[in-house]
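A closer look at the structure
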Amino acid sequence: MLGQLALWAKIANEASCGSPRWIGRGLSCVCIKRKGAYERICMNLTPVQEERLQRLKHRMKVYFDPSRRDHQEALKALWRATYPDQELQGLISEQWKDMGWQGRDPSTDFRGAGFISLENLLFFAKTFSASFQRLLKKQCGNRATWEYPFAVAGVNITFMIMQMLDLQSTKPRTFVRAIFIQMLSEDEWAFDLLYCVAFVVMDKQWLDKNASYMDFNEVLKSTRTQLERELMLDDVMRIEDMPSYSLLC
């Protein structure tokens, strides 16, 4: 926390946008250094930013409901995208364990992050199918005897990104949040793309650290640190500009 406040103080001393009011007092705008010059990031959202942010916040509030038809269909769609040649026996089945759910009923694993975590997994499976399958099947690197469960890891990654971006707070508290909201105005699917990047970064961190199941939380923390660092880079204006985006295929 002290490091965070020190960073705010440093930026405040080095540059100002008019008369900004800092954290805890209704921040109106901040300045960060990009491409050798200070760029203004305003917290007074444009209509597009406001609309997309509200839609994303709504997605984040939706709990997974196994009785809802659309939620059932999304779960079936995830199965088809993951195992296109294998018929699903039922929404409650031993088959789900192969994907990395904790038990026969995957709906019990969505409690931490809600329906958006299923949407994220489905987006990853459809948009970057090669990377999705590579991570699912643990095809690269020297893997641990006790590997992370793929699907449950995905739910945890969604929750980690939600915390990192701090989108539910009423007052902006981080530069990362401000930067992401600007990215959201360029691409409504920025959250889902960031999720895909986070997943491949997490897997790379896992391999680099020779991690096993008990190390998962530590790997998740280092993944968040790397994502925050990349989002703050001078030339990163979109998710696609992040260096780790190149890990996706």
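Residues numbered from 1 in each chain as written. Predicted model: local features only at pLDDT ≥ 70, side-chain atom pairs only at ≥ 80, totals over all residues. Heavy atoms only, no water.

Let us now look at the overall build of the chain. Tallying secondary structure elements over the chain gives 9 helices and 2 strands in all. Ordered by position from the N terminus, the helices and strands of the chain form the series α-β-β-α-α-α-α-α-α-α-α. Looking at the 249 residues of the chain, the share that counts as buried comes to 50%. When contacts within the chain are restricted to residue pairs at least 6 apart in sequence, long-range pairs at least 24 apart make up 63% of them. When the accessible surface of the chain is summed, it comes to about 12700 Å², and 50% of that surface belongs to carbon and sulfur atoms. (Helix = DSSP H or I, 4+ residues; strand = E, 2+ residues; numbered from the N terminus. Buried < 20%, exposed > 50% of the residue type's maximum accessible area, 1.4 Å probe, protein only. Contact = heavy atoms within 4.5 Å. Areas by Shrake-Rupley, 256 points an atom, 1.4 Å probe, with all protein chains shown as cover.)

What follows covers the confidence of the model for the chain. Overall, the predicted model of the chain reaches an average pLDDT of 84, with 82% of residues at or above 70. The secondary-structure element of the chain with the lowest mean pLDDT is helix α1 (residues 2–14), recorded at 36, while helix α4 (residues 115–127) shows the highest, at 98. (pLDDT = per-residue confidence, 0-100.)

A word on the side chain of Ser117. Here Ser117 shows up in helix α4. For Ser117, the residues in contact, after removing those within four places along its chain, are Phe110, Val155 and Thr158.

Time to look at unusual backbone geometry. Although it is not a glycine, Lys138 sits at a positive phi angle of roughly 50 degrees. Looking at the secondary structure, you find Lys138 in the loop between α5 (129–136) and α6 (150–165). What makes Lys138 buried here is its relative accessible area of 16%.

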